[in-house]
Amino acid sequence: MTYQKQARSSVMAGVGQYTRPEMRSMGTMNPQVLGFLGRAMSLEFSAAQQYLAHAALCQKRTENDFAEQFVQLANEEFRHASELTERMVDHGALPSGTILTPAKPAFNIIEALSICELNELQLINLYEQAYALSSNLSMVADAELFGRLYEEEVAQLNRIRHWSADYMARMHAPQPMARGFV
């Protein structure tokens, strides 16, 4: 009797995509890699929560262009968390729960972007370590996932730094003088 794995588009879509015998036959995985997957999931969900909080704060300040960018970042982090969950399931594990870092208030765009930068640096550091471990253990699929997520987080960090530089340039740009008295 053979069991075939069903094609999955996302773990978020449903439950029970594996039969019990199939899950038992998946074998064991390295507990350190499982730890990296779980920690990464917590950091991704925490970052998404933070970015949604920034989006809401930006909307209150009528900075809608930044609000949209924060929502886009949050969606990217949710996609990363979904991919990490799928990888855990591939190993026969399920997330045991995450501990989210509370969202921090940001009273302006520069504060918000500084918080985002710290979140991204945490993820980059974690993915760098996870990639090194999974590569050393010849866990190719895990190394590929961690390596790709590392690259995506570096790209997000660069985007955040670019937004910050653009914002600072706009704030320091000379304003044209109004003609006459108002």
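Refer to the structure presented above.
In this report, we go over the structure that sits alongside the text.

Analysis parameters
- Residues numbered from 1 in each chain as written.
- Predicted model: local features only at pLDDT ≥ 70, side-chain atom pairs only at ≥ 80, totals over all residues.
- Heavy atoms only, no water.
- Helix = DSSP H or I, 4+ residues; strand = E, 2+ residues; numbered from the N terminus.
- Contact = heavy atoms within 4.5 Å.
- Areas by Shrake-Rupley, 256 points an atom, 1.4 Å probe, with all protein chains shown as cover.
- Buried < 20%, exposed > 50% of the residue type's maximum accessible area, 1.4 Å probe, protein only.
- Polar contact = N/O pair within 3.5 Å; in protein donor to acceptor, adjacent residues only side chain to side chain.
- Expected span 1.5 Å × (residues − 1).

Secondary structure summary: the chain contains five helices and zero strands in total. Counting from the amino terminus, the chain carries its helices and strands in the arrangement α-α-α-α-α. For the chain, restricting intrachain contacts to residue pairs at least 6 apart in sequence, the fraction spanning at least 24 positions comes to 79%. Counting only carbon and sulfur atoms, one obtains 57% of the accessible surface of the chain, whose full area is about 10,900 Å².

Okay, the side chain of Thr85 next. Among the secondary structure elements, Thr85 is positioned in helix α3 (residues 64–90). When its relative accessible area of 8% is taken as the criterion, Thr85 is described as buried. Reaching out from Thr85, the side chain makes a polar contact with the backbone oxygen of Ala81 at a distance of 2.9 Å.

Here the focus is helix α5 (residues 140–172). Spanning 33 residues, α5 covers 48 Å between terminal C-alpha atoms, matching the ideal 48 Å at 1.5 Å per step. Buried residues of α5: Asp142, Ala143, Leu145, Phe146, Gly147, Leu149, Glu153, Gln156, Leu157, Ile160, Trp163 and Tyr167, and no others. Looking at the buried positions of α5, the neighbouring elements they touch are α2 (31–60), α3 and α4 (109–136).

Bringing unusual backbone geometry into the picture now. Even without a glycine there, the phi angle at Thr62 is positive, about 55°. Looking at where Thr62 falls in the secondary structure, it is placed in the loop between α2 and α3. Looking at Thr62, the relative accessible area reads 63%, which means it is exposed. Phi at Ser138 takes a positive value of approximately 60°, unusual for a residue other than glycine. By relative accessible area, Ser138 is classed as exposed at 58%.

By themselves, these are just geometric observations and shouldn't be taken as functional.
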